[in-house]
Amino acid sequence: MKIEIKNGRLIDPKHGIDRKASLFVGAGKVAGVDEAPPGWRTARIVDASGLVVCPGLIDVSARLREPGFEYKATLESEMQAAIAGGVTSLACPPDTDPVLDDPGLVEMLKHRARSLNCAHVYPIGALTVGLKGATITEMGELAEAGCIAFSQADAPLADTQVLWRAMQYAATFGYRVWLRPQDAHLARGGVAHDGEVAMRLGLSVIPSAAETIALDTIFVLARATGARVHLSRLSTREGVERVREAKRAGLEVSCDVSINHVHLCEVDLGWFNTHCRLTPPLRGVRDREALRAGLADGTIDAICSDHTPVDEDGKQLPFAEAEPGATGLELLLPLTLQWASADRIPLGQALSKLTVDAARIVGIDAGHLAPGAPADVCVFDADVYWRVEPRALKSQGKNTPFLGLEVPGKVRYTLVGGAVVFEA
């Protein structure tokens, strides 16, 4: 279907576009900006007056809970949550059950996702068999099956020799390695930041050094092997500074931060609020401010939702026993807009963290609206506020620290491959 999206504020961070313009979509591609191609006949007009038109959002960390954890969420529910949040592409970690260490599982997941005709799903393969940190997976077969990178998710990899060999192998064939920097031994048994709040509540801690020591190790191995490394979910000010120094020194690394850590800190734990039981843990106020500064100056490349649906039973437990994670696909855009407004970040710069910069990390041609680009589009009202309530979320997981909060930004249309898949 040929669609014209007119009268909207078109923002394309990759090409520096931020103006009122029409967008023409046909045959699954962007057909034109401002002017229709010759012989164009519009089949549907979408009036975007007062709305922002931007590339579909790309989430670099979203757990879909299939296979194995359907009691927490299903692929259908989370894909509906994605398009309701304007997310048209997402990367899913390998910590499913069974783990994504087998090509057949990867192909099954991609087939299931395609059959739903919603967002594009990009699986991340397991770096080691069963995520046990002992034996490297068959990365070549997993890549052929559709894996865009390899990761341990949140599973520890304490054996540095295994990590070294995995990075060597990945570098040889040009595969990306995604690592969450955390020293397995320093983090063992910890559930909260090593600060005053954990001391007051009597919670076991994960010190900031767990992140910085892991970063130092990763940087040394990256230089030695030449592996392309992406750092998932930075959480500390020391970590941000380490990455900043590494980039200045010419090391080719990228990194992201969870939207939860952009807004929250250890104080939000209150009296054992299990919705704030996250991985990595919420850090101190200065850590949060350093993360926001790192986003503003480009040290941190992307913002992710770290979408992790958890069933109610998993949260109705003592804090240390509760399952970590928060739902976030539908909150990624609103909370990014809230950060941009509070820190006076231009809207185009903020959206780049969810579009072109995220696409570069995933390694896909997406996140922009040049003619010929995939017609994945998000149309939203930046001025409308809505209250985060369980009934307002399409995700099966209702676990979020932001329940009850009024947030800006409501998605009105989501297009994937040139088709309107969500309309509100």
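All values reported here derive from a predicted model rather than from experimental measurement.

### Here we look at the overall build of the protein
- Assigned secondary structure in the protein consists of 14 helices and 19 strands.
- Here the C-alpha radius of gyration of the protein, 21 Å, is about what a compact globule of 424 residues would show, namely 22 Å.
- The principal-axis extent of the C-alpha atoms belonging to the protein is close to 65 × 50 × 45 Å.
- Across the 424 residues that make up the protein, the buried fraction comes to 60%.
- Taking the intrachain contacts of the protein between residues at least 6 apart in sequence as the baseline, contacts between residues at least 24 apart amount to 74%.
- In the form shown here, the protein has an accessible surface area of approximately 16400 Å², with 49% of it arising from carbon and sulfur atoms.
- Charge-centre separation for the protein: the mean point of 44 positive side chains lies 4 Å from the mean point of 53 negative side chains.

### Things to note about the packing of aromatic side chains
- In this structure the tally under the stated criterion is five aromatic pairs.
- Pairing Phe173 with Tyr175 gives two aromatic rings, centres 6.0 Å apart and planes at 20 degrees, and the pair type is stacked.
- Through successive ring pairs, a cluster of aromatic residues spans Phe150, Tyr169, Phe173 and Tyr175.
- Lying over the aromatic face of Trp40, Lys2 brings its terminal NZ or CZ to 5.2 Å of the ring centre.
- The ring of Trp271 carries Arg200 above its face, with NZ or CZ at 4.8 Å from the centroid.

### Observations concerning the packing of helix α7 (residues 209-225) against helix α8 (residues 237-248)
- At a closest axis distance of 9 Å, the pairing of α7 and α8 adopts a crossing angle of 20 degrees. With respect to α8, the element α7 is oriented roughly parallel. Relative to α8, the crossing made by α7 is right-handed. Taken together, the residues of α8 that come into contact with α7 (itself represented by Glu211, Thr212, Leu215, Asp216 and Phe219) are Glu238, Gly239, Arg242, Val243 and Ala246.

### A look at the nonpolar core
- Counting 95 residues, the largest nonpolar core has Leu90, Leu127, Val229, Leu269, Leu333 and Phe380 as the members making the most contacts within it.
- Taken domain by domain, the makeup of this core includes at least three residues from each of domain 1 (3-53 + 374-423) and domain 2 (56-362).
- Ignoring sequence-local partners within four residues, the contact set of Leu127 consists of Thr135, Ile136, Thr137, Met139, Phe150, Ser151, Gln152, Leu157, Leu163, Ala166, Val177 and Leu179.
- By size, the runner-up hydrophobic cluster in this structure holds 20 residues, among which are Ile3, Val46, Ala48 and Val53.

### Things to note about the state of the cysteines
- The full count for this structure, using the stated rule, is zero disulfides.
- A disulfide-free cysteine, Cys304 has its sulfur positioned 11 Å from the sulfur of Cys255, the nearest such atom.
- With no disulfide of its own, Cys378 lies 4.4 Å from the sulfur of Cys54, the closest cysteine sulfur.

### Brief notes about the domain arrangement of the protein
- One can read the domain layout of the protein as domain 1 (3-53 + 374-423) and domain 2 (56-362).
- Here domain 1 and domain 2 have C-alpha centroids that lie 26 Å from each other.
- Facing the 35 residues of domain 1 at the interface are 45 residues of domain 2.
- Of the roughly 3000 Å² buried where domain 1 meets domain 2, counting both sides, 69% is carbon and sulfur surface.
- When the buried area of domain 1 at its contact with domain 2 is split by residue, Gln396, Asn399 and Phe402 rank highest and sum to 23% of it.
- At the junction of domain 1 with domain 2, the criterion picks out zero salt bridges.
- Here domain 1 is connected to domain 2 by 15 residue pairs in polar contact (both at pLDDT 80 or more).
- Taken together, the elements giving at least two residues each to the side of domain 1 that touches domain 2 come down to β1 (3-12), β17 (377-387), β18 (406-416) and β19 (419-423).
- Of all the elements, β18 adds the most residues to the side of domain 1 that touches domain 2, at eight residues.

What counts, and at which threshold
- Residues numbered from 1 in each chain as written.
- Predicted model: local features only at pLDDT ≥ 70, side-chain atom pairs only at ≥ 80, totals over all residues.
- Heavy atoms only, no water.
- Helix = DSSP H or I, 4+ residues; strand = E, 2+ residues; numbered from the N terminus.
- Rg over C-alpha atoms; globule rule 2.2 N^0.38 Å.
- Buried < 20%, exposed > 50% of the residue type's maximum accessible area, 1.4 Å probe, protein only.
- Contact = heavy atoms within 4.5 Å.
- Areas by Shrake-Rupley, 256 points an atom, 1.4 Å probe, with all protein chains shown as cover.
- Lys, Arg positive; Asp, Glu negative; His and termini not counted.
- Charge placed at Lys NZ, Arg CZ, Asp CG, Glu CD.
- Phe/Tyr/Trp six-rings, centres within 6.5 Å; stacked < 30°, edge-to-face > 60°.
- Lys NZ or Arg CZ within 6 Å of the ring centre and 35° of its normal.
- Axes fitted to C-alpha atoms, helices over the stretch in contact; angles between N-to-C directions.
- Parallel < 35°, antiparallel > 145°, perpendicular 65-115°, else oblique.
- Left-handed = near helix turned anticlockwise from the far one by under 90°.
- Core = buried A, V, L, I, M, F, W, Y, C linked by side-chain atoms within 4.5 Å.
- Domains from an automatic or database assignment.
- Disulfide = S-S within 2.5 Å.
- Buried area = accessible area lost by both parts, 1.4 Å probe.
- Salt bridge = Lys/Arg side-chain N within 4 Å of Asp/Glu carboxyl O.
- Polar contact = N/O pair within 3.5 Å; in protein donor to acceptor, adjacent residues only side chain to side chain.

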